[in-house]
Amino acid sequence: MGVRIDKWLWAVRVYKTRSDAAEACRTGKVTVNGAEAKPSKELKEGDLLTVKKVPIMRYSYKVVALVERRLPAKDVPQYCLDITPQEELDKLNAPRETIFVMRDRGTGRPTKKERRDLDALWDSFEN
């Protein structure tokens, strides 16, 4: 007998609410053993999960034991093993480019030309 994946993800605190976990499953952000999972998918011990959060992060977990009730954070390692590769974790600490554009007070909104220049500046930093 297994446990629903949305219930397990909520219980081990991967998602804050069960509805968030179910929504992530419905939108294809959760895979079990390499296959996309619906919220009603039954998990078994030893299953490998990949959860996509934030635009670039992919967390990996191994099901150690099944649980249906929400756990205190200190008990999570008994049920869930975080096997996320180090290069994924390093993405959290990547420096973020910041651009600060100074405009004089009272000059109003940017004109179309100024807006195009600002957009070009943003694009140059993102690529």
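Remember, it's a predicted structure, so these values are computed and weren't measured experimentally.

The next thing to look at is the packing of aromatic side chains. The tally for this structure, following the rule as stated, stands at one aromatic pair. The ring of Tyr15 has Lys53 lying over it, and the distance from NZ or CZ to the ring centre is 5.0 Å.

The next point concerns the nonpolar core. Ranked by size, the top nonpolar core spans 25 residues in total, and within it Ile5, Trp8, Leu9, Val12, Tyr15, Val30 and Leu49 carry the most contacts. Elements with a contribution of two residues or more to this core: helix 1 (5–11), helix 2 (18–26), strand 2 (30–32), strand 5 (48–53) and strand 6 (57–63). Aside from chain neighbours lying at most four places away, what touches Val12 is Val67, Leu71, Val76, Tyr79 and Cys80.

Attention now moves to the side chain of Asp47. Assignment of secondary structure puts Asp47 in the loop between strand 4 (42–43) and strand 5. There is a polar contact of 3.1 Å between the side chain of Asp47 and the side chain of Asn33. Not counting chain neighbours up to four residues away, the residues in contact with Asp47 comprise Val32, Asn33, Glu42, Tyr61, Lys62 and Val63.

Strand order in the open sheet made by the five strands is 3-2-5-6-7, with antiparallel pairing throughout. In this open sheet, the two strands that pair with only one neighbour each are strand 3 (35–36) and strand 7 (80–82). The pairing of strand 6 with strand 7 spans three bridges and is antiparallel. Residue pairing in the sheet places Lys62 in a bridge with Leu81 of strand 7.

On the surface, Leu48, Val64, Leu81 and Ile83 cluster together to form a nonpolar patch covering roughly 300 Å² of accessible area. Structurally, Leu81 can be placed in strand 7.

Taking burial as the measure, the seven residues of strand 6 include five buried ones, the bulk of the element. When strand 5 meets strand 6, the two strands line up antiparallel, connected through six bridges. Bridge pairing in strand 6 places Val51 opposite Tyr59.

If you walk through the whole model with that rule in mind, you get six salt bridges. Where salt bridges share partners, they join Arg4, Asp6 and Arg18 into one cluster.

When you line up the elements, Ile5 lands in helix 1. Residues Ile5 and Ala21, spaced 16 residues apart in sequence, show a C-alpha to C-alpha distance of 8.2 Å. Once residues within four sequence positions are removed from consideration, Ile5 is found in contact with Cys25, Val30, Val32, Ala37, Lys38, Pro39, Lys41, Leu43 and Leu49.

Conventions and cut-offs
- Residues numbered from 1 in each chain as written.
- Predicted model: local features only at pLDDT ≥ 70, side-chain atom pairs only at ≥ 80, totals over all residues.
- Heavy atoms only, no water.
- Phe/Tyr/Trp six-rings, centres within 6.5 Å; stacked < 30°, edge-to-face > 60°.
- Lys NZ or Arg CZ within 6 Å of the ring centre and 35° of its normal.
- Core = buried A, V, L, I, M, F, W, Y, C linked by side-chain atoms within 4.5 Å.
- Buried < 20%, exposed > 50% of the residue type's maximum accessible area, 1.4 Å probe, protein only.
- Helix = DSSP H or I, 4+ residues; strand = E, 2+ residues; numbered from the N terminus.
- Contact = heavy atoms within 4.5 Å.
- Polar contact = N/O pair within 3.5 Å; in protein donor to acceptor, adjacent residues only side chain to side chain.
- Pairing = 2+ DSSP bridges.
- Patch = residues over 30% accessible without salt bridge, like charges linked within 9 Å, V, L, I, M, F, W, Y side chains within 5 Å.
- Areas by Shrake-Rupley, 256 points an atom, 1.4 Å probe, with all protein chains shown as cover.
- Salt bridge = Lys/Arg side-chain N within 4 Å of Asp/Glu carboxyl O.

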